[in-house]
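So the chains spell out like this:
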Amino acid sequence: MASRSPCSAAPAGFTLLEVLVALVIVGTALAASLRAIGSLTQNSSDLRAAMMATWSAENRLTQIRLAHEWPPLGGRAFDCAQGELALRCEEQIVATPNPAFRRVEVAVVDGSGRRIIMLSQVVPNAL
């Protein structure tokens, strides 16, 4: 039986090139994962802001409806914060073809002036 010399044995382990390729693949996968997580976080924040803005607009429209308010034509703006989210409501009252009704539009904007949502309803004259 022939014995092998230590010099002729195949080296065990990975070459430097194989290790670098593996690191590039793992790094790319981790970068893609971090980007996806960041996108999910931003979407969650936007969804929360939209929900809070909807509550603000619905609160004002419900207030008009419950008070049987006949709002004057024109527009106005007021703060309508929800929680720690600073929001501004912009209310616009416009006439309709039927003088017994008015359309109330409430737009909610964030601190940067970006409109998040706009809701509207028709209000009857309670008189």
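Bear in mind the structure is a predicted one, so any value in this text is a computation, not a measurement. (Residues numbered from 1 in each chain as written. Predicted model: local features only at pLDDT ≥ 70, side-chain atom pairs only at ≥ 80, totals over all residues. Heavy atoms only, no water.)

Asks: Quick question: what am I supposed to make of the side chain of S56 here?
Replies: Here S56 lies in helix α1 (residues 16-66). With sequence-adjacent residues up to four places away left out, S56 is seen in contact with C80, Q82, L87, C89 and V108. (Helix = DSSP H or I, 4+ residues; strand = E, 2+ residues; numbered from the N terminus. Contact = heavy atoms within 4.5 Å.)

Asks: Explain the pairing of strand β4 (residues 115-124) to me, please; I cannot follow it from the model alone.
Replies: The side chains of a regular strand alternate between both faces of the sheet. Pairing analysis gives nine bridges linking strand β3 (residues 101-109) to β4, with the strands arranged antiparallel. From the neighbouring strand, R102 faces β4, where its bridge partner is V123. (Pairing = 2+ DSSP bridges.)

Asks: Got a minute to help me understand the nonpolar core in this structure?
Replies: Residues A53, C80, L87, C89, V104, V106 and V108 are the most contacted members of the largest nonpolar core, which totals 15 residues. Secondary-structure elements contributing two or more residues to this core are α1, β2 (88-95), β3 and β4. Ranked by residues supplied to this core, first place goes to α1 with five residues. Once residues lying within four places of it in the same chain are set aside, the contact partners of C89 are S56, R76, A77, F78, C80, V106, A107 and V108. (Core = buried A, V, L, I, M, F, W, Y, C linked by side-chain atoms within 4.5 Å. Buried < 20%, exposed > 50% of the residue type's maximum accessible area, 1.4 Å probe, protein only.)

Asks: Would you mind going over the pattern of salt bridges with me for this structure?
Replies: Side chains bearing opposite charge may pair, as long as their charged atoms lie close to each other. As enumerated under the stated definition, the model contains seven salt bridges in all. Put simply, D79 and R88 hold a salt bridge, and the shortest N to O gap is 2.9 Å. Residue classification places D79 among the exposed positions, given a relative accessible area of 63%. Close ionic contact of R114 with D110 constitutes a salt bridge, the shortest N to O distance being 3.3 Å. Exposure remark for R114: the relative accessible area of 45% places this residue in the partly exposed category. Classification of D110 as buried rests on a relative accessible area of 17%. (Salt bridge = Lys/Arg side-chain N within 4 Å of Asp/Glu carboxyl O.)

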